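Architecture and fold: a report
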Amino acid sequence: MEVEATTLWKAFREHGDEDASARIIEQHLALVHHIAREIQRRVGASASLDDLVNAGCVGLLHAVDTFDPKRGHAFS
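Read on for a plain summary of the structure. Starting afresh in each chain, residues are numbered from 1 along the sequence in its written order. With pLDDT at 70 or above as the cut-off, local features in this predicted model cover only qualifying residues; side-chain atom pairs require 80 or more to be listed or tallied, and sums for whole chains, interfaces and linings still use all residues. Hydrogens and water molecules were not included; the side-chain quantities draw on all heavy atoms of the structure.

A few points about the overall build of the chain
Only runs of H or I of at least four residues qualify as helices and only runs of E of at least two qualify as strands under DSSP, and these elements are numbered from the N terminus. A tally of helices and strands in the chain yields three helices and zero strands. For the chain, the α and β elements follow one another from N to C terminus as α-α-α. Exposed residues in this analysis have more than 50% of their type's maximum accessible area, buried residues have under 20%, and partly exposed residues fall in between, with area computed by a 1.4 Å probe over protein chains only. In the chain, which comprises 76 residues, the proportion classed as buried is 24%. Here, two residues are considered to be in contact whenever any of their heavy atoms come within 4.5 Å of each other. Across the chain, contacts joining residues at least 24 apart in sequence account for 47% of those joining residues at least 6 apart. Carbon together with sulfur atoms contributes 55% to the accessible area of the chain, which is approximately 5,500 Å² in total. For the chain, the separation between the mean place of its 8 positive charges and that of its 12 negative charges on side chains is 7 Å. All accessibility values rest on the Shrake-Rupley procedure with a 1.4 Å probe; residue burial counts only the protein chains present in the view. In this tally, Lys and Arg are treated as positive and Asp and Glu as negative; His is ignored, and so are the chain termini. Taken as the charge location is NZ of Lys, CZ of Arg, CG of Asp or CD of Glu.

Next comes the structure, spelled out in structure tokens:
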């Protein structure tokens, strides 16, 4: 998976490949859902799961746009 991730980031960053960006996003959607469920579990019914997932997706999109893989950190 690491080789695929590196290839996807390179295609997105160096060539603006939107398909690569979409694949990166798809690979991390489960993490967004997991974190949203954890937040909802902690704060209770006052937080809508749909709203938390939507906010998480906005954050994921921003993170993909601003992440610099050359800094040597894992995206996840």
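Still more to cover.
Digging into the side chain of His28
Mapped onto the secondary structure, His28 falls in helix α2 (residues 18-43). Its relative accessible area of 14% is what places His28 among the buried residues.

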